[in-house]
Amino acid sequence: MTTGSTTVFDSNLIWFMSNGSTDSHSKVEIQQTMSKICKERGVKFRWVHFEDVVISIEYGSLGLRIKGKKIKYFPLVAMVRVPAAHLKADSEITVLRHLELIGCRLINPSSAILKCVNKVWTFQELAGNGFPLPNTFSYGGHSNLLTTLKTVDTNLVYPVVVKNCRGYQGQSVFLARDRMQLIDTSHLLKHESPYLFQQYIRESHGRDVRVIVIGEKIVGAMLRQSSDGRMQSNCAAGGRGELYQLPPEGEKLALDVARCLRLDICGIDLLVNNDGSFWICEVNCNPGFKHFNTALQMNVAESITELALQELERLREVRKLSTVTVADTSDYYSDHGDSCP
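Below, the structure is looked at part by part. In this text the structure is predicted, and so the values were computed from the model without any measurement. (Residues numbered from 1 in each chain as written. Predicted model: local features only at pLDDT ≥ 70, side-chain atom pairs only at ≥ 80, totals over all residues. Heavy atoms only, no water.)

### Considerations on the overall build of the protein
Next, step 1: When its secondary structure is counted, the protein shows nine helices and 17 strands.
Next, step 2: Within the span of the protein, comprising 341 residues, buried residues form 52% of the whole.
Next, step 3: Long-range pairs, those at least 24 residues apart, make up 69% of the contacts in the protein with a sequence separation of at least 6.
Next, step 4: When the accessible surface of the protein is summed, it comes to about 15800 Å², and 50% of that surface belongs to carbon and sulfur atoms. (Helix = DSSP H or I, 4+ residues; strand = E, 2+ residues; numbered from the N terminus. Buried < 20%, exposed > 50% of the residue type's maximum accessible area, 1.4 Å probe, protein only. Contact = heavy atoms within 4.5 Å. Areas by Shrake-Rupley, 256 points an atom, 1.4 Å probe, with all protein chains shown as cover.)

Here you go:
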């Protein structure tokens, strides 16, 4: 163990941090896999629930308590699993920023997670970097949603895809055939978060490609197809998944997206044109992988665990070579050049 001015790090400890969201399968699989492999490798492991955490700023120093007990030894690496749809910037992100300022390396970093909380925020980050993005419109306020929709409508080409900016698993998504249908269904739109209106890629109706990237490597790609003719192809919504051979241009696109958003782990959904070219549909910083594992006969949780252990070893080596006594807080991409292509 090494000591900084106010913080002690255990260089043989990894945390797995999650909340009480409904993301049960992938979350539990990561927790069980990390616990098992860490035990086999002689690495200490702790599962931390956000609900049990209290952060502190006492006598000018940052501190943290879990279940009322003050933490004396902090991990060099903490794996974070919080589905973006359930994440709150003034609670979970506050805790994550606290840990980063203490010196913990988060996978994914809090700033990268925030870029995926809102689908428009993701596109804002990707815009201007040459990525193939469907034309997308959203709005700043929705106190009078009907008036807002009429204003947005002047920019739309129908049919148009309507999505909740914080929707997940194919929920709160529909295809508006024309202006009247959009206006007529406006009363059904939930107002907790805004909606976006996106160019409809007809050639990819009912199908997309989910690519999972871990540690700047593509672990696999899955073709998802609707089973009932709907636009949504999410397996959680009844779609079918099968192995997809992603061409080199698709691989480069997915890796460039992950690098631009500075994500260690992500699921990138690509829409497919008939000529084999792609559009970026969405990016998920906490992709589910139950159906992905089944379709590709693999274990994504093992790849995630290996990334955490590799990063732990990297930070150990950094600390051996450095005279700095606090944990290295650089993220993975700081060693890999500029973030966006």
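### A look at the environment of arginine 224
Next, step 1: Checked against the element boundaries, arginine 224 lands in strand E14 (residues 217–225).
Next, step 2: Take arginine 224: its relative accessible area is 5%, and that puts it in the buried class.
Next, step 3: Spatially, the C-alpha atom of arginine 224 lies 9.6 Å from that of phenylalanine 292, the residues being 68 residues apart in sequence.
Next, step 4: Looking at arginine 224, its side chain comes within polar contact range of the side chain of aspartate 208, at 2.8 Å.
Next, step 5: Separated by 3.2 Å, the side chains of arginine 224 and aspartate 269 make a polar contact. (Polar contact = N/O pair within 3.5 Å; in protein donor to acceptor, adjacent residues only side chain to side chain.)

### Describing the packing of helix H1 (residues 24–41) against helix H9 (residues 300–321)
Next, step 1: In the contact formed by H1 and H9, the axes pass within 9 Å of each other and the chain directions differ by 50°. Comparing the axis directions of H1 and H9 gives the class oblique. Crossing of H1 over H9 shows right-handed handedness. Where H1 abuts H9, its residues Glu29, Ile30, Thr33, Met34, Ile37, Cys38 and Arg41 lie against Ala301, Glu302, Ile304, Thr305, Glu306, Ala308 and Leu309.
Next, step 2: Across the contact of H1 with H9, the residue classes tally to eight nonpolar, two polar and four charged. (Axes fitted to C-alpha atoms, helices over the stretch in contact; angles between N-to-C directions. Parallel < 35°, antiparallel > 145°, perpendicular 65-115°, else oblique. Left-handed = near helix turned anticlockwise from the far one by under 90°. Nonpolar A, V, L, I, M, F, W, Y, C, P; charged D, E, K, R; others polar.)

### Overview of the packing of aromatic side chains
Next, step 1: Overall, the coordinates contain three aromatic pairs when judged by the stated rule.
Next, step 2: Aromatic pair tryptophan 15 and phenylalanine 74: ring centres 6.3 Å apart, planes at 45°, arrangement tilted. Here tryptophan 15, found in strand E2 (residues 8–18), pairs with phenylalanine 74, found in strand E7 (residues 73–81); they are 59 residues apart in sequence, far enough to count as distant. Here tryptophan 15 and phenylalanine 74 have matching classes, each one buried.
Next, step 3: Between tyrosine 139 and phenylalanine 197 the ring centres are 6.2 Å apart and the planes differ by 35°, which places this aromatic pair in the tilted class. Remark: phenylalanine 197 occurs in strand E12 (residues 195–199) and tyrosine 139 occurs in the loop between strand E9 (136–137) and helix H5 (145–153); sequence separation between them is 58 residues.
Next, step 4: The exposure class of tyrosine 139 is buried, given its relative accessible area of 14%. (Phe/Tyr/Trp six-rings, centres within 6.5 Å; stacked < 30°, edge-to-face > 60°.)

### Re the sheet that holds strand E4 (residues 53–58)
Next, step 1: The sheet built from three strands is open, its strands ordered E4-E5-E6 with antiparallel pairing. One side of each edge strand has no neighbouring strand; the edge strands of this open sheet are E4 and strand E6 (69–70).
Next, step 2: Relative to E6, strand E5 (residues 61–66) runs antiparallel, the two sharing two bridges. Looking at E6, one finds that arginine 65 is bridged to lysine 70.
Next, step 3: Most of the contacts of helix H2 (residues 92–102) go to E4, to which it runs at about 50°, and overall it touches E4 and E5. (Pairing = 2+ DSSP bridges.)

### Things to note about the nonpolar core
Next, step 1: The biggest cluster of nonpolar side chains holds 78 residues, and the ones touching the most others in it are Trp15 and Ile280.
Next, step 2: Ranked by residues supplied to this core, first place goes to H9 with eight residues.
Next, step 3: Apart from residues no more than four positions distant in its own chain, tryptophan 15 is found in contact with Arg46, Val48, Leu64, Ile66, Ile71, Tyr73, Phe74, Pro75, Val77, Ala78, Met79 and Leu99.
Next, step 4: Counting 13 residues, the second-largest nonpolar core is a separate cluster that includes Val160, Ala176, Ile183 and Phe197. (Core = buried A, V, L, I, M, F, W, Y, C linked by side-chain atoms within 4.5 Å.)

### Structural notes on the side chain of threonine 305
Next, step 1: If you trace the backbone, threonine 305 turns up in helix H9.
Next, step 2: The contact partners of threonine 305, leaving out residues within four places of it in the chain, are Thr33, Met34 and Ile37.

### Brief notes about H1
Next, step 1: The end-to-end C-alpha distance of H1, which contains 18 residues, comes to 25 Å, matching closely the 26 Å that a straight helix rising 1.5 Å per residue would cover.
Next, step 2: Within the span of H1, buried status applies to Ser26, Lys27, Glu29, Ile30, Gln31, Thr33, Met34, Ile37 and Cys38.
Next, step 3: For H1, the secondary structure elements touched by its buried residues are E2, strand E3 (44–49), E7, helix H8 (290–296) and H9.
Next, step 4: Phi turns positive, to about 75°, at glycine 42, one or two residues after H1. (Expected span 1.5 Å × (residues − 1).)

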